[in-house]
Amino acid sequence: MDEQPILVEGKQGYRVITLNRASRLNSFNEAMHLALRAALAEAEADTSCRAVLLTGAGRGFCAGQDLSDRVMGEGAEPPDLGRTIEALYSPLVKQLRALPMPIVCAVNGVAAGAGANIALACDIVVAARSASFLEAFARIGLIPDAGGTFHLPRLVGEARARAMALLAEPVPAETAASWGLIWKCVDDGVLMGEAHALCARFAEAPTRGLALTKQALNASSANTLERQLELERDLQREAGRTQDYAEGVRAFVEKRKANFKGRA
Ligand code: T3D
């Protein structure tokens, strides 16, 4: 029987989702796509879940599309990659961005192709020092998908984005952090501890406010300042009506730690 493509573990206030096709560096086949989408939807439906930790089993994070599903015989009809992008990769990226809670990505090893771009679609990316980010697409004649052409230039600027996409050379985690591609690079041995600590912190955070913050940041790059200020007004109005805001202000005035309820 096939291994389960995704492992899900419930923790106090958050869930850990592990890509679990280690023998293929956790590359995506359709089953892994569907299982990951379902696991994210379940995390969203569970109001006690206030953060998600995404990582990979084994020595890699994710090597993008499973290329053994794409081998073509000479003269064979090529697959319609637009279909898989539309049906699988793009919805996954949108789901990660819209998840109403922080998603922390612990990049435990190489993140290549769509694997790199799925990591970059998460909210906070922490990578092991031995990990690297590889926009591998140019090596096989494809373009960076899974949001790569959107997120890369916004994260690291045109010059670095273009070199990453066109040269398809691995960028070590330490360089990725120094460029602002990711939040942090840490020693391999402390990666998972760091990622769990972040999620445990989010599990006690004002989750509704964090979800609204994500919403505002997601909209920012497509908006004019005028429109973004209007959006901030609307989202702040909503944040100001949460129990967590009232609790946050009370706790500040009473000089105690706030007891945020999150999404409930
Ligand atoms: O198709 C569509 O629907 C369109 C969407 C496309 C999205 C994409 O992601 S396209 C890009 C696909 N990914 C790649 O091109 C990366 C391919 N992998 C690599 O270049 C290398 O594996 C790495 C640079 C990531 C790591 O190299 P290394 O030397 O550390 O490991 P390795 O020996 O190459 O890989 C270990 C095993 O994983 C190996 O299997 P084996 O020999 O031990 O049986 C290798 O074949 C397998 N593996 C790695 N990546 C993939 C893979 N198997 C299938 N698909 C992969 N993407």
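**Examining the sheet that holds strand β2 (residues 14–19)**
Consideration 1: Across the sheet, six strands lie side by side as β1-β2-β3-β5-β7-β10; this open sheet has mixed pairing. Looking at strand neighbours, the two that pair on one side only are β1 (6–11) and β10 (184–186), the edges of this open sheet. Direction aside, the axes of adjacent strands within the sheet are offset by 20 degrees on average.
Consideration 2: Pairing of strand β3 (residues 52–56) with strand β5 (residues 103–107) involves three bridges; the strand directions are parallel. Following the sheet pairing, valine 52 is matched in β5 by isoleucine 103.

**Overview of the sheet that holds strand β6 (residues 110–112)**
The pairing of strands in a sheet comes from backbone hydrogen bonds and takes either a parallel or an antiparallel form.
Consideration 1: Here we have four strands laid out as an open sheet, ordered β4-β6-β8-β9, and mixed in their pairing. The sheet is open, and its two edges are formed by β4 (60–62) and β9 (171–172), each paired on a single side.
Consideration 2: Pairing of β6 with strand β8 (residues 132–134), which is carried by two bridges, proceeds in the parallel orientation. Of the residues in β8, the one forming a bridge with alanine 111 is phenylalanine 133.

**Quick notes on the site of the ligand**
Consideration 1: The ligand sits among 25 residues. The nearest are Gln65, Leu67, Arg70, Thr84 and Ala114.
Consideration 2: Between a nitrogen atom of the ligand and a main-chain N or O atom of leucine 67, the distance comes to 2.9 Å.
Consideration 3: Between the ligand and alanine 114, the relevant distance is 2.9 Å, taken from an oxygen atom to a main-chain nitrogen or oxygen of the residue.
Consideration 4: Relative to its unbound accessible area of 1,000 Å², the ligand is 66% covered by the protein chains.
Consideration 5: Listed by contribution, the elements that provide at least two residues to the shell around the ligand are α2 (81–98) and β6.
Consideration 6: Top element by residues in the shell around the ligand is α2. It accounts for four residues.

**Remarks on the domain arrangement of the protein chain**
Consideration 1: Split by domain assignment, the protein chain resolves into domain 1 (6–202) and domain 2 (207–254).
Consideration 2: Inter-centroid distance (C-alpha atoms) of domain 1 to domain 2 is 27 Å.
Consideration 3: Carbon and sulfur atoms make up 48% of the surface buried where domain 1 meets domain 2, a total of about 710 Å² over both sides.
Consideration 4: Scanning the region where domain 1 abuts domain 2 turns up one salt bridge.
Consideration 5: Across the pair lysine 214 and aspartate 123 runs a salt bridge, and its minimum N-O distance is 2.7 Å.
Consideration 6: Going through the elements one at a time, α2 and α4 (148–156) are the ones with two or more residues in the side of domain 1 that touches domain 2.

What counts and what doesn't
- Residues numbered from 1 in each chain as written.
- Predicted model: local features only at pLDDT ≥ 70, side-chain atom pairs only at ≥ 80, totals over all residues.
- Heavy atoms only, no water.
- Pairing = 2+ DSSP bridges.
- Helix = DSSP H or I, 4+ residues; strand = E, 2+ residues; numbered from the N terminus.
- Axes fitted to C-alpha atoms, helices over the stretch in contact; angles between N-to-C directions.
- Near = heavy atom within 4 Å.
- Polar contact = N/O pair within 3.5 Å; in protein donor to acceptor, adjacent residues only side chain to side chain.
- Areas by Shrake-Rupley, 256 points an atom, 1.4 Å probe, with all protein chains shown as cover.
- Domains from an automatic or database assignment.
- Buried area = accessible area lost by both parts, 1.4 Å probe.
- Salt bridge = Lys/Arg side-chain N within 4 Å of Asp/Glu carboxyl O.

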